[in-house]
Amino acid sequence: SQTIHQWPATLVQPVGSPLSLECTVEGTSNPNLYWYRQAAGRGLQLLFYSIGIDQISSEVPQNLSASRPQDRQFILSSKKLLLSDSGFYLCAWGTSATQYFGPGTRLTVL
Amino acid sequence: AQTVTQSQPEMSVQEAETVTLSCTYDTSESDYYLFWYKQPPSRQMILVIRQEAYKQQNATENRFSVNFQKAAKSFSLKISDSQLGDAAMYFCARTSSGNTPLVFGKGTRLSVIA
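Keep in mind it's a predicted model, so treat the numbers as computed, not measured.

**Looking at the overall build of chain A**
Consideration 1: Of regular secondary structure, chain A possesses zero helices and 11 strands.
Consideration 2: Along chain A, from the amino end to the carboxyl end, the secondary structure elements read β-β-β-β-β-β-β-β-β-β-β.
Consideration 3: Here the C-alpha radius of gyration of chain A, 13 Å, is about what a compact globule of 110 residues would show, namely 13 Å.
Consideration 4: When each of the 110 residues of chain A is scored for burial, the buried share is 50%.
Consideration 5: Summing over all exposed atoms, chain A offers an accessible surface of approximately 5100 Å²; the carbon and sulfur share of this is 51%.
Consideration 6: Measuring between centres, the 7 positive side-chain charges of chain A sit 9 Å from its 6 negative side-chain charges.

Structure below.
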C-alpha cells in the first residue's frame, strides 16, 4: 500500500531564516506530487505541483520554491521566511485524479 | 476561474441523525471528478468519497453518500447515523481528468452533538 510522509511535523522559525520541508511517498512510482498551504481557519491554497521529476509548476509567485530530487520526493524551500509564510503545509500524491494527503507540517514564523 | 462553493460555514447534527452538506461548483468541462475530504482536529486531509462526473449513479461509502446533480453543478454530502467522530471540517473539491490539482471550497465545520 502507498504511504506518504512529511517532516518535520512542527517547526518554529524566525523571520528571514531558511526553510526546507520534505515529503516522500512509498509504494508507488512516478506519482503526481502537490504542495498546499492552509492558513488558520481557511481553505487550501495550491503552491506547487509536479507531474514528473523534471516538471514543477508554480501556482503562487512568492518566496517559496519546490524541487523534486527523486521520483518520490518533493521538497518545499525558502531562502528567507516571511511572517505570512506561517501556516499548515500539506503534501499530497495523486493518481487517477485522486489525491491523498500527508499528515502535514505546522510552520510558525516569528 | 473555476470555483467550488460551500455555502454553509458551520453545521451541527445530533448524534445518530442525518446531515447534508452542500457544495456547488463551476466548470466548463464535461469530464471531471468531485471529492469530499474530511479534516479532523489532527488536520490531516482524509478522502471521504469520490464521484466521477460521467457516472450518473451517486457514490456511496458506508454512512456517506452524495447527491450529484450534474446539470445543476451540485454535489452534496449526506452523512447518515452521525457519530461523534464525524465532527470535523469537510471540504468539497473538484479536479479535471488527469494530473490537474484540486480546487477546494472553503469548508464546512460540522459539529456532532451527543
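**Quick notes on the pairing of strand 9 (residues 87–95) of chain A**
Residues and elements named next belong to chain A.
Consideration 1: In terms of burial, strand 9 is a largely internal element, eight of the nine residues being buried.
Consideration 2: Direction of pairing for strand 4 (residues 32–38) relative to strand 9: antiparallel, over a ladder of seven bridges. Note on strand 9: the bridge partner recorded for N32 is G94.
Consideration 3: Examined bridge by bridge, strand 9 and strand 10 (residues 98–101) share four bridges and lie antiparallel to one another. Across the sheet, G94 pairs through a bridge with Q99, a residue of strand 10.
Consideration 4: Here strand 9 hands over to strand 10 after two residues, with S96 in that stretch at a positive phi of 50°.

**Examining the state of the cysteines**
Consideration 1: Using the criterion set out here, one finds two disulfides over all chains in the structure.
Consideration 2: Between the sulfur atoms of C23 of chain A and its disulfide mate C91 of chain A the distance is 1.9 Å. Classification of the bridge connecting C23 of chain A and C91 of chain A rests on its S-S torsion, roughly -75°, and on that basis the disulfide is left-handed. Taken as a pair, C23 of chain A in strand 3 (residues 19–26) and C91 of chain A in strand 9 lie far apart in primary sequence, 68 residues in all.
Consideration 3: For C91 of chain A, a relative accessible area of 0% corresponds to the buried category.
Consideration 4: Each sulfur in the disulfide pair C23 of chain B and C92 of chain B lies 2.0 Å from the other. Every disulfide takes its handedness from the sign of the S-S torsion; for C23 of chain B and C92 of chain B that torsion is -70°, giving left-handed. Residue C23 of chain B is located in the loop between strand 3 (19–21) and strand 4 (24–25), and its partner C92 of chain B is located in strand 10 (residues 88–96); the two are separated by 69 residues in the primary sequence. Each member of the pair, C23 of chain B as well as C92 of chain B, is classed as buried.

**Some points on unusual backbone geometry**
Consideration 1: The peptide bond linking W7 of chain A to P8 of chain A adopts the cis configuration, its omega dihedral lying at 0°.
Consideration 2: Along the chain, the position of P8 of chain A falls in the loop between strand 1 (3–7) and strand 2 (10–13).
Consideration 3: With a phi close to 80°, A16 of chain B is a non-glycine residue in the positive phi region.
Consideration 4: The topology assignment puts A16 of chain B in the loop between strand 2 (10–14) and strand 3.
Consideration 5: The backbone phi angle of D81 of chain B is positive, close to 50°, even though this residue is not glycine.
Consideration 6: Here D81 of chain B lies in the loop between strand 9 (74–79) and strand 10.
Consideration 7: Residue classification places D81 of chain B among the partly exposed residues on the basis of a relative accessible area of 40%.

Rules and cut-offs
- Residues numbered from 1 in each chain as written.
- Chains lettered and ligands numbered in written order.
- Predicted model: local features only at pLDDT ≥ 70, side-chain atom pairs only at ≥ 80, totals over all residues.
- Heavy atoms only, no water.
- Helix = DSSP H or I, 4+ residues; strand = E, 2+ residues; numbered from the N terminus.
- Rg over C-alpha atoms; globule rule 2.2 N^0.38 Å.
- Buried < 20%, exposed > 50% of the residue type's maximum accessible area, 1.4 Å probe, protein only.
- Areas by Shrake-Rupley, 256 points an atom, 1.4 Å probe, with all protein chains shown as cover.
- Lys, Arg positive; Asp, Glu negative; His and termini not counted.
- Charge placed at Lys NZ, Arg CZ, Asp CG, Glu CD.
- Pairing = 2+ DSSP bridges.
- Disulfide = S-S within 2.5 Å.

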